[in-house]
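# A structural walkthrough
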Amino acid sequence: MLIVFILYLLILVGITIYTANKSRNSSEYVLGGRKIPGIALALSERSTGESAWLILGLTGEAFAIGLQSVWVAVGCVTGIVFIWTVMSNRLRLEAERTGALTVSGILYKRFPGAEKTIGLLSASIVVFFFLFYVEAQFYGSGKVLEQTFGIPGFWGVIIGSLIVVFYTMLGGFITVVYTDVLQAILMIITLIVLPVILIYIVASDNVNVSRALIEAGNNYNSITGGKTGIPALLLILSGLSWMFGYTGQPQLLTRMMAIKDKKDIRNAKGVAIVWTIIAYAGALMIGIFGFVLMKNHYFDSAATALSADAEKILPVLINTFVGPVIAGLLLSGAISAMMSTASSEIIVSSSSITEDMYGNLALRKKSGKKLLTLNRLVTLGVGLLAFVLALTVKDSVYGLVSYAWSGIGSSFGPALLLILFWKRISRAGVIASLISGTAGTIVWKLCLSNPAGISERLTSFVFALLMAALFSYIFPEKNKNHI
């Protein structure tokens with residue numbers, strides 16, 4: 001198993017060496033120069049979008065709370081279908097028209113004169129929330145390595161984070177995309193093969209799935225967690241609210257900005273949607289069947305660890321039921337989920353600093369190789385900061401990602417949707433979306449989510465959308481030439 005995992009790491013190094021020199025300037029380092037095939041970008045977007053949160057977080061959530069977790073999956077699949085079918089081509093065209101290399105760039109290039117204000121604000125939001133996101137991925141890699149190889153979590157975090165920072169810093173966007181392609185393939189293998197193995201075990205041993213679910217009670221075997229009326233509606237809305245965040249995630253939307261033409265969009269769309277449906281079905285099955293097998297005493301030795309941390313269910317199942325070679329392959333798929341997302345978020349964060357902060361504030365701007373070197377140094381700095389944070393994490397992977405997802409999605413999502421679909425959006429509306437989405441997420445998460453029973457993913461997005469529309473009406477653009 002260890003040999004297979006090491007081979008996976010060596011392949012990552014090989015891809016890094018092969019692609020590192022393809023980033024010859026800042027544009028290629030940040031967005032790949034729009035030379036990458038659409039299918040590769042679709043696989044990259046999917047492996048980036050489905051991180052430790054899917055492999056550990058959603059499998060653990062399904063294991064812990066049962067069938068009600070289906071609403072999270074439905075919300076995520078709906079969000080992915082929406083951004084690929086509705087937003088992708090408009091984003092590509094807007095990026096071409098404005099020359100934007102980042103999602104923040106699309107926001108401020110629409111309004112000449114607002115570059116510094118919107119650029120600095122949006123970049124600060126990206127870096128703030130993405131540090132939590134990358135922290136969750138590094139923490140997740142430590143969990144998997146600890147549960148699988150017995151490596152202490154501290155050293156697991158070091159191994160996972162250093163590999164990611166190394167190849168991201170050297171190759172930039174192009175390297176990240178092609179390593180993502182490998183990782184997307186390994187992830188989908190894990191999310192197909194492991195459920196098939198579990199179904200075979202359940203069928204061949206005549207495990208009574210129905211009885212295990214019935215004994216678990218309505219909280220577990222009901223899609224509403226045994227709730228009715230308003231509480232049931234709030235539970236469903238909380239799960240479905242994941243869809244809103246997809247409209248504003250820069251690490252996903254930059255893949256669409258990088259696609260070269262409409263034909264590539266069409267090919268990429270099909271790949272992304274099919275991959276997503278299979279992946280989410282597999283993750284739910286892993287969690288539910290893992291619970292059933294635990295109730296039938298298949299891995300009593302791990303029961304204590306799982307009661308303390310449900311997010312270890314996938315590595316426990318791999319260690320219990322899979323032979324070493326296949327286990328090494330599936331483990332690589334699990335680690336891939338974390339690495340692909342972390343690398344994309346690091347490159348987006350560093351791009352925000354160099355393009356949206358430095359690019360708009362510096363009096364004497366660097367160019368050519370100097371700007372490329374600055375990008376690499378900033379990438380290294382962002383990665384190391386996230387690594388330090390991962391060593392002190394106290395929340396779950398699911399909790400960290402939910403918080404960062406809400407903050408980014410609620411800040412950028414309303415602004416981007418209005419930029420793409422509403423001609424009356426103004427710079428005041430964009431700024432209002434960024435501020436209210438960020439503030440709404442932080443305040444609701446800290447003070448109101450528990451007593452209200454409503455997720456910050458829903459409330460902060462709706463609040464930011466209303467503020468963006470309201471401020472666009474109150475402070476319209478005087479000069480209509482930006483439209």
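Structural data are supplied above this passage.
The sections below set out a description of the structure shown in this document. Everything numeric here is computed off the predicted structure, so don't read it as measured data. (Residues numbered from 1 in each chain as written. Predicted model: local features only at pLDDT ≥ 70, side-chain atom pairs only at ≥ 80, totals over all residues. Heavy atoms only, no water.)

Along its length, the protein carries 21 helices and 0 strands. A compact globule built from 483 residues would reach a C-alpha radius of gyration of about 23 Å, and the protein, at 22 Å, matches this within 12%. The contacts in the protein between residues at least 6 apart in sequence include a share of 85% that link residues at least 24 apart. Entry remark: accessible area of the protein is about 18300 Å², with carbon and sulfur atoms responsible for 67%. Taking the average location of the 36 positive side-chain charges in the protein and that of its 23 negative ones, the two points are 12 Å from each other. (Helix = DSSP H or I, 4+ residues; strand = E, 2+ residues; numbered from the N terminus. Rg over C-alpha atoms; globule rule 2.2 N^0.38 Å. Contact = heavy atoms within 4.5 Å. Areas by Shrake-Rupley, 256 points an atom, 1.4 Å probe, with all protein chains shown as cover. Lys, Arg positive; Asp, Glu negative; His and termini not counted. Charge placed at Lys NZ, Arg CZ, Asp CG, Glu CD.)

In this structure, the second largest pocket encloses a volume near 190 Å³. For the second largest pocket, the lining is made up of 11 residues, of which R90, E94, R110, I419 and L420 are closest to its centre. The greatest single-element share of the lining of the second largest pocket, amounting to 4 residues, is contributed by helix α5 (residues 70-98). In terms of residue class, the lining of the second largest pocket is built from 6 nonpolar, no polar and 5 charged. (1 Å grid on protein atoms, 1.4 Å probe; cavity = no way out; pocket = protein on both sides within 12 Å on 5 of 7 lines; lining within 4 Å. Points joined across faces, edges and corners; volume = space filled by probe spheres on them. Nonpolar A, V, L, I, M, F, W, Y, C, P; charged D, E, K, R; others polar.)

Let us now look at unusual backbone geometry. Among all residues except glycine, the phi angle is most often negative; among peptide bonds, the trans geometry is most common. Here N206, not a glycine, exhibits a phi torsion of approximately 55°, which is positive. Classification of N206 as exposed rests on a relative accessible area of 66%. Positive phi outside glycine occurs at H297, with the angle close to 65°. (Buried < 20%, exposed > 50% of the residue type's maximum accessible area, 1.4 Å probe, protein only.)

Along the polypeptide, S241 turns up in the loop between α11 (229-240) and α12 (242-245). Since its relative accessible area comes to 1%, S241 is described here as buried. Only 3.2 Å separates the side chain of S241 from the side chain of R457, close enough to count as a polar contact. Residues contacting S241, with those up to four places away along its chain left out, are S455, R457 and L458. (Polar contact = N/O pair within 3.5 Å; in protein donor to acceptor, adjacent residues only side chain to side chain.)

Turning our attention to a nonpolar patch on the surface. Taken together, the side chains of L2, I3, I6, L7 and L10 make up a nonpolar region of the molecular surface, amounting to roughly 500 Å² of accessible area. The topology assignment puts I6 in helix α1 (residues 2-19). (Patch = residues over 30% accessible without salt bridge, like charges linked within 9 Å, V, L, I, M, F, W, Y side chains within 5 Å. Salt bridge = Lys/Arg side-chain N within 4 Å of Asp/Glu carboxyl O.)

Right, let's talk about empty space enclosed by the protein for a bit. Evaluation of the coordinates by the stated rule reveals 4 cavities of 30 Å³ or more. Taken as a whole, the largest cavity encloses approximately 100 Å³ of empty space. Residue lining of the largest cavity: 14 residues in total, with T102, V103, T254, V348 and S351 positioned closest to the centre. Contributing elements (two or more residues each) for the lining of the largest cavity: α6 (103-109), α13 (250-258) and α17 (324-361). Top contributing element to the lining of the largest cavity by residue count: α17, with 4 residues. Of the residues belonging to the lining of the largest cavity, the class tally is 8 nonpolar, 5 polar and 1 charged. Quantified by volume, the second largest cavity comes out at close to 40 Å³. Lining the second largest cavity are G49, E50, S51, W53, C76, Y133, W242, Y246, Y280, V401 and W405. In the lining of the second largest cavity, the residues fall into 8 nonpolar, 2 polar and 1 charged.

Tallied over the entire structure, the rule returns 12 aromatic pairs. Here the aromatic residues F63, Y220 and F291 are joined through ring pairs into a cluster of three or more. (Phe/Tyr/Trp six-rings, centres within 6.5 Å; stacked < 30°, edge-to-face > 60°.)

Turning our attention to the packing of α5 against helix α14 (residues 262-295). The axes of two packed helices give the description: the angle between them and the distance between them. Running from N to C, α5 and α14 point in directions that differ by 175°, and their axes come no closer than 10 Å. The orientation of α5 with respect to α14, classified from their angle, is roughly antiparallel. Where α5 approaches α14, its residues V70, A73, C76, V77, I80, V81, W84, T85, S88, N89 and R92 are matched on the opposing element by K262, I265, A268, K269, A272, I273, T276, I277, Y280 and L284. Looking at the contact of α5 with α14 residue by residue, the class counts come to 14 nonpolar, 4 polar and 3 charged. (Axes fitted to C-alpha atoms, helices over the stretch in contact; angles between N-to-C directions. Parallel < 35°, antiparallel > 145°, perpendicular 65-115°, else oblique.)

To continue, consider the environment of G383. With respect to the helices, strands and loops of the structure, G383 is situated in helix α18 (residues 368-390). Among the residues examined, G383 registers a relative accessible area of 0% and is labelled buried. Considering only alpha carbons, one finds G383 and I346, 37 residues apart in sequence, at a separation of 6.2 Å. When sequence neighbours within four positions are dropped, the list of residues in contact with G383 reads F138, V165 and I346.

Just distances and angles here, no functional claims.
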